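The primary structure of each chain is shown beneath.
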Amino acid sequence: MAAPSAKSGLTVTPPTFAIKGAHNSLLLEMTGLGQHPTSGRLLRGLTPYLDEQGAKHVLLLTGRKRREPWSQQADQVVHYQELVHWERAADGGVYRGVCGKDAALGREEIIQAFESEPLSVIDWAARRLEAAVVSNREPMRLEICYVEKPWGREAWYTGIEKRGISRVRSATGNTELPYALGMFPVPLIGEDEAPPILLKTLEPLPDAVYGDLYLEVHREKWEVYVVLAVDPAAWPDGIGCLRAGLDPESVESYRAKHGARWEHRLIDDLEEAIRRYEQVRRQIDGMLDTALRGRGENPDEPVSPALHRALLADLPEALLAAERDKRAAVERYLGKVPLRRGDVVRLPPGVLHSLQRGVKVIEFQTPTYERLIAMFAQKVLTQPHWDVAESMRVMEKAAYTPPTLEVLQDDDGLKVERIVDFPQFQVDRVALSASRTLAIRTDENNQYQLLVVTMGEGQLLLADGRVFPLEPEAGYLLPATIGEYSVKATTAQHFTYLKAVPRLDGNTPTGESEKSVDDVLENTW
């Protein structure tokens, strides 16, 4: 029989393999699937059939294959297994799942575990596979993926790229983020199944020059930084630096000298200064590449500051002096913004910027990889060219203005500030005094939440009494359907965390297909 479901938009033919168990449970199996339709949608599409069977607990075992466009082997077919438990309820119910990418469980042993205790199968399978248990009714602990950079490193909480994949961790193991989110994405991250907001830290080296990030600008990407720490080895007075926008004094000088044409003249002179620096930079980089090859090193990999300094010491002093002078000539045109712990930097598209050495920040950004590199005081490893002309064209021709934060609440040991209100997402900073508790909830739709702790320790308390620790610099994804929860400070000092939520534009696609599942299954990708 076919089982249409208005909620899922799918017409599902029940699988021929079905076993009934205790607690009104049902075990189903479907094999030969691609990435879509997801297990969550298959289960929702089976709703009329499940009603007929009187099934309250449904376990769906699927064998799948897909390609990974984010991986180094993007054309390679990956086989994997999903086991999802749906506890049905009027409010959408509870989904719990486990995914085995590098290992699979046999049908017979799954049947045996199901017949023994159907409500414990997910936990049993997760232990066997050493994978995370994923649920729409509890926070997902994000496991960091470190990505080395010439200037230091990034720590990705929600990264899904060729350079690295973040993971989800529970007591039983860990699972790559795209597989964790792929089992039942609608109750986790919303109907449109878009990639989550990119959450990461930037951790520049404290070394002068070597720890300075690219001078870059974005056409589309929106970013916000919150300063976590300022390394005293780089900034003994605790005040770090961001290069951003144009230097205000240069703007005033050019405006006074050139009138209405000040902007054109300043940008022309800035571009010319960068071009002069690029010539010297490429000469030095070429000589360093030769030296690295002579030592058996790969010149296209990040180099430690100690080795970099040792190699530079062998270069002509006149060339090194020219590099310093021409770099300083560029920096005279750039704004210099002081940064202290807790400061916020808003970077909408068009702001030319470079975070400087020793300033560690939490960053939220739109999950896109695009940037224009105007300049870098090391060899650029991610592309063979600089984007000088295009950077000058799209950058804002103005000084950078530090933001004024909107205070949403400030009373009785609780302070909530709106860090950013970008078109794609909002970020709030929440500070709680000792033992203070804040009650909150997710709003379903696409309203998952990302939490990251910036100071102290706390607890996340669910409505059913379960308690999860909130640890320093730990990140968590709260599913859109987690519902009511509370955050409690457990340290004597203030407990502070950041919360990011995607914004709804009123035109969110449902993401549901009008095709039958049988039609969709013919497309195994």
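Student: It is not clear to me how the overall build of the chain should be interpreted in this structure. Could you clarify?
Tutor: Tallying secondary structure elements over the chain gives 12 helices and 34 strands in all. Taken over C-alpha atoms, the radius of gyration comes to 27 Å for the chain, in line with the 24 Å a tight globule of 525 residues would show. Its C-alpha atoms give the chain principal-axis dimensions of about 80 × 60 × 45 Å. Within the chain, the fraction of its 525 residues that count as buried is 55%. Counted over contacts in the chain with a minimum sequence separation of 6, partners at least 24 positions apart contribute 75%. Taken as a whole, the chain presents about 22,700 Å² of accessible surface, with 48% of it coming from carbon and sulfur. Treating the 62 positive side-chain charges of the chain as one cloud and the 77 negative ones as another, the clouds have centres 3 Å apart.

Student: Just to check I follow, could you spell out the layout of surface pockets for this structure?
Tutor: Over the atoms, a rolling probe the size of a water molecule traces out where space has been left empty. Of the volumes computed, that of the largest pocket is approximately 470 Å³. Along its surface, the largest pocket is lined by 24 residues, and Ile 160, Pro 178, Ala 194, Pro 195 and Pro 196 are the ones closest to its centre. When residues of the lining of the largest pocket are traced back to their parent elements, those giving at least two are strand 12 (160-161), helix 5 (177-182) and helix 6 (185-189). Counted by class, the lining of the largest pocket contains 13 nonpolar, eight polar and three charged residues.

Student: Honestly, the nonpolar core in this entry has me stumped. Any pointers?
Tutor: Most often, soluble globular proteins have nonpolar side chains that are buried together. Formed by 56 residues in total, the largest nonpolar core has its most connected members in Leu 50, Val 224, Phe 364, Val 427 and Leu 450. With near-sequence residues (within four places) excluded, Phe 364 lies in contact with Ile 197, Leu 198, Leu 199, Trp 222, Glu 223, Val 224, Phe 425, Val 427, Leu 450, Val 452, Leu 498 and Ala 500. Grouped together as the second largest cluster of nonpolar side chains are 49 residues, Leu 202, Trp 235, Leu 352 and Phe 376 included.

Student: What is the right way to look at empty space enclosed by the protein in this model?
Tutor: Throughout the structure, instances matching the rule amount to four cavities of 30 Å³ or more. Contributing to the lining of the largest cavity are 21 residues, with Glu 154, Lys 200, Glu 216, Lys 221 and Arg 371 lying nearest its centre. Secondary structure elements with two or more residues in the lining of the largest cavity: strand 11 (152-156), strand 16 (198-204), strand 18 (223-230) and strand 23 (359-365). Looking at the lining of the largest cavity element by element, the count peaks at three residues for strand 16. A per-class count over the lining of the largest cavity returns eight nonpolar, three polar and 10 charged.

Student: Could you clarify how one ought to interpret the sheet that holds strand 4 (residues 25-33) in this entry?
Tutor: On the basis of which strands lie adjacent, the open sheet formed by six strands has the order 3-4-5-6-7-8 and mixed pairing. The outermost strands of the open sheet, each flanked by one partner alone, are strand 3 (18-21) and strand 8 (134-135). Pairing analysis gives 11 bridges linking strand 5 (residues 57-67) to strand 6 (residues 77-87), with the strands arranged antiparallel. If you follow Arg 67 over to strand 6, its bridge partner there is Val 77.

Student: Teacher, can you tell me more about unusual backbone geometry here?
Tutor: With glycine set apart, most residues show a phi of negative sign, and most peptide bonds adopt trans. Backbone torsion omega between His 36 and Pro 37 reads -5°, so that peptide bond is classified as cis. Along the chain, the position of Pro 37 falls in the loop between strand 4 and helix 1 (39-45). Residues other than glycine seldom take positive phi values, yet His 23 does so here, at roughly 60°. Topologically, His 23 is positioned in the loop between strand 3 and strand 4. Positioned with a positive phi, Glu 473 is a non-glycine residue whose angle comes to about 60°. Tracing the backbone shows Glu 473 in the loop between strand 31 (467-470) and strand 32 (475-478).

Student: How do you make sense of helix 8 (residues 262-294) when you look at a structure like this?
Tutor: What sets the pattern is the α-helix's 3.6 residues per turn: residues three or four places apart point alike. Between the first and last C-alpha of helix 8 there are 48 Å, a value that for 33 residues agrees with the 48 Å anticipated at 1.5 Å per step. At the C-terminal side of helix 8, Gly 296 shows a positive phi close to 80°.

Student: Is there a simple way to think about the pairing of strand 3 in this case?
Tutor: Along any regular strand, the residues point their side chains to alternate faces of the sheet. Looking at chain direction, strand 3 and strand 4 are connected through four bridges and run antiparallel. From the neighbouring strand, Ala 18 faces strand 4, where its bridge partner is Leu 28.

The rules behind each value
Residues numbered from 1 in each chain as written. Predicted model: local features only at pLDDT ≥ 70, side-chain atom pairs only at ≥ 80, totals over all residues. Heavy atoms only, no water. Helix = DSSP H or I, 4+ residues; strand = E, 2+ residues; numbered from the N terminus. Rg over C-alpha atoms; globule rule 2.2 N^0.38 Å. Buried < 20%, exposed > 50% of the residue type's maximum accessible area, 1.4 Å probe, protein only. Contact = heavy atoms within 4.5 Å. Areas by Shrake-Rupley, 256 points an atom, 1.4 Å probe, with all protein chains shown as cover. Lys, Arg positive; Asp, Glu negative; His and termini not counted. Charge placed at Lys NZ, Arg CZ, Asp CG, Glu CD. 1 Å grid on protein atoms, 1.4 Å probe; cavity = no way out; pocket = protein on both sides within 12 Å on 5 of 7 lines; lining within 4 Å. Points joined across faces, edges and corners; volume = space filled by probe spheres on them. Nonpolar A, V, L, I, M, F, W, Y, C, P; charged D, E, K, R; others polar. Core = buried A, V, L, I, M, F, W, Y, C linked by side-chain atoms within 4.5 Å. Pairing = 2+ DSSP bridges. Expected span 1.5 Å × (residues − 1).

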